[in-house]
Amino acid sequence: MELKLDFKFDAAHRLMHHKGLCHNIHGHTWKVRVTLLSVAPIGKKDGMIADFSILKDTFKPRIDYYFDHGLILNMDDKLAALTLIDGPLFDFKVRLMEGEPTCENIAKQLFMDLLSNLNTRKQWSEVDYGVKLQSIQVWESEKASAIYNSDDFMESIQ
Ligand SMILES: [Zn+2]
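Residues numbered from 1 in each chain as written. Predicted model: local features only at pLDDT ≥ 70, side-chain atom pairs only at ≥ 80, totals over all residues.

Enquirer: Help me get a handle on the overall build of the chain, residues and values and all.
Expert: Each helix and strand counted, the chain has 5 helices and 6 strands in total. Ordered by position in the sequence, the α and β elements of the chain form the string β-β-α-β-α-β-α-α-β-β-α. Scored against the burial criterion, the 158 residues of the chain give a buried share of 24%. When contacts within the chain are restricted to residue pairs at least 6 apart in sequence, long-range pairs at least 24 apart make up 66% of them. (Helix = DSSP H or I, 4+ residues; strand = E, 2+ residues; numbered from the N terminus. Buried ≥ 20, exposed ≤ 12 C-beta atoms within 10 Å, placed from the backbone. Contact = placed C-beta atoms within 7 Å.)

Shown next as structure tokens:
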């Protein structure tokens with residue numbers, strides 16, 4: 001069984017190698033769907049795999065911390081170096097990532113972020129949520145999205 005939770009964040013990005021409009025800094029309201037695969041049966045007493053409110057409280061602050069109201073840049077972007085300068089002009093949230101900050105790469109990055117965060121936090125293994133991270137889907141518009149899943153992850157580490 002799969003459990004799905006939807007989130008949103010607002011962030012700007014630009015694609016440094018893009019030849020069209022996306023070369024400019026512009027913003028989106030990004031939609032994120034976290035899909036979790038159950039590794040335990042539905043609880044006989046509570047009728048749940050996991051408590052949605054606990055899952056929401058687990059993911060929402062982390063997604064916001066990583067991306068919300070940030071400027072997402074390719075770490076090779078000239079602008080990335082500027083944002084590292086100390087000073088009031090550049091005192092804003094920037095998220096640097098490997099590769100172009102496309103829907104595809106943001107989905108991949110968020111999968112890695114959440115996975116490493118959950119793996120390094122004892123609470124993930126100590127508290128039995130009964131689920132594991134299956135995929136991250138990211139929409140940059142109503143009709144365009146990318147999904148990064150655990151198979152993609154397993155291929156990337158082989
Ligand atoms: Zn865009």
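Enquirer: Describe helix H1 (residues 52–67), listing the residues and the values that go with them.
Expert: Here H1 spans 22 Å end to end across 16 residues, near enough to the 22 Å set by a 1.5 Å rise per residue. The complete set of buried residues in H1 reads Thr58, Phe59, Tyr66 and Phe67. For H1, the arc enclosing every buried residue in end-on projection is 110°, short of the 170-degree limit, so these residues lie on one face. Facing away from the buried side of H1 by more than 90 degrees, the exposed set consists of Ser53, Ile54, Asp57 and Pro61. The first or second residue beyond H1 is His69, which carries a positive phi of 55°. (Expected span 1.5 Å × (residues − 1). Arc of directions from axis to C-beta.)

Enquirer: A description of the sheet that holds strand E5 (residues 131–141) should follow, citing residues and the corresponding values.
Expert: With mixed pairing, 6 strands are arranged side by side in an open sheet as E4-E3-E1-E2-E5-E6. For this open sheet the edge positions go to strand E4 (94–97) and strand E6 (144–149), each flanked by a neighbour on one side alone. Between one strand and the next, the sheet's axes are offset by a mean angle of 35°, whatever the strand orientation. Looking at chain direction, strand E3 (residues 70–74) and E4 are connected through 4 bridges and run parallel. Residue pairing for E4: Leu73 is matched across the bridge by Leu96. Helix-sheet contacts for H1 involve strand E1 (2–13), strand E2 (26–38), E3 and E4, and the interaxial angle to E1 is about 20°. (Pairing = 2+ DSSP bridges. Axes fitted to C-alpha atoms, helices over the stretch in contact; angles between N-to-C directions.)

Enquirer: Explain unusual backbone geometry to me, using residue names and the numbers behind them.
Expert: Of note in the backbone geometry, His69 takes a positive phi value of approximately 55° without being a glycine. In this structure, His69 sits in the loop between H1 and E3. Using a count of 12 C-beta atoms within 10 Å as the deciding quantity, one classes His69 as exposed.

Enquirer: So what's going on with the nonpolar core? Which residues, and what values?
Expert: Among the nonpolar cores identified, the biggest contains 21 residues, and Val32, Ala107, Leu110, Ile136 and Val138 are the most heavily contacted of them. Contributions of two or more residues to this core are made by E2, H1, E3, helix H3 (103–120) and E5. Residue contributions to this core peak at 6 residues, all from H3. Setting aside anything within four residues of it in sequence, one finds Ile136 in contact with Val32, Val34, Ala107, Leu110, Phe111 and Tyr148. (Core = buried A, V, L, I, M, F, W, Y, C linked by C-beta atoms within 7 Å.)

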